[in-house]
Amino acid sequence: MPAYQWTCLACGHSNEPGDHICVDCACPAEVSRNEITRHRDGYRARGGRILPGAAKLPEPGDSEILKVFASLGLRFLGIVG
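Residues numbered from 1 in each chain as written. Predicted model: local features only at pLDDT ≥ 70, side-chain atom pairs only at ≥ 80, totals over all residues. Heavy atoms only, no water.

(A) Here's a closer look at the overall build of the protein. Within the protein, the regular secondary structure consists of 2 helices and 2 strands. Listing every helix and strand of the protein by position from the N terminus yields β-β-α-α. Looking at the 81 residues of the protein, the share that counts as buried comes to 20%. A total of about 5700 Å² of accessible surface is found on the protein, and carbon and sulfur atoms cover 60% of it. (Helix = DSSP H or I, 4+ residues; strand = E, 2+ residues; numbered from the N terminus. Buried < 20%, exposed > 50% of the residue type's maximum accessible area, 1.4 Å probe, protein only. Areas by Shrake-Rupley, 256 points an atom, 1.4 Å probe, with all protein chains shown as cover.)

(B) Inspection of the environment of Asp19 at higher detail. Following the sequence through the fold, Asp19 ends up in the loop between β2 (14–15) and α1 (33–45). Among the residues examined, Asp19 registers a relative accessible area of 23% and is labelled partly exposed. In this structure, the C-alpha to C-alpha distance between Asp19 and Pro2, residues 17 residues apart in sequence, is 7.0 Å. Contacts of Asp19, omitting those with residues within four sequence positions, involve Pro2, Trp6 and Ala29. (Contact = heavy atoms within 4.5 Å.)

(C) Fine view of the side chain of Arg40. Summarising the element assignment, Arg40 is placed in helix α1. What makes Arg40 buried here is its relative accessible area of 9%. Sequence-distant contacts of Arg40, that is, excluding residues within four places in its chain, are made with Leu9, Ala10, Ile50, Ala54, Ala55 and Leu57.

(D) Layout of the nonpolar core. Membership of the largest hydrophobic core is limited to 9 residues, which are Trp6, Cys8, Ala10, Cys11, Cys22, Cys25, Cys27, Ile36 and Tyr43. For Cys27, the residues in contact, after removing those within four places along its chain, are Trp6, Cys8, Ala10, Ile21, Cys22 and His39. (Core = buried A, V, L, I, M, F, W, Y, C linked by side-chain atoms within 4.5 Å.)

(E) Up close: the environment of Lys56. Note that Lys56 resides in the loop between α1 and α2 (62–76). Taking the C-alpha atoms as reference, Lys56 lies 9.2 Å from Ala10; in sequence the two are 46 residues apart. Of note is the side chain of Lys56, whose polar atom sits 2.9 Å from the backbone oxygen of Pro52. (Polar contact = N/O pair within 3.5 Å; in protein donor to acceptor, adjacent residues only side chain to side chain.)

Next comes the structure, spelled out in structure tokens:
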């Protein structure tokens, strides 16, 4: 349970220190990617609105694009040739 104010990764709602689940969507403070998706889908189905602070999860198929950008970034930083 966080001892600080935290933003829910599933819905972006701000939560108080000591809250172990989001007061808006009930997503736990410590959560896996699959749990974020499950809570987000359920929250949307109940009419919830995802706020800008929510985690930006890659869409299916984005992994190849992300690999290219990561590779370019490593080259830019001089980490790889």
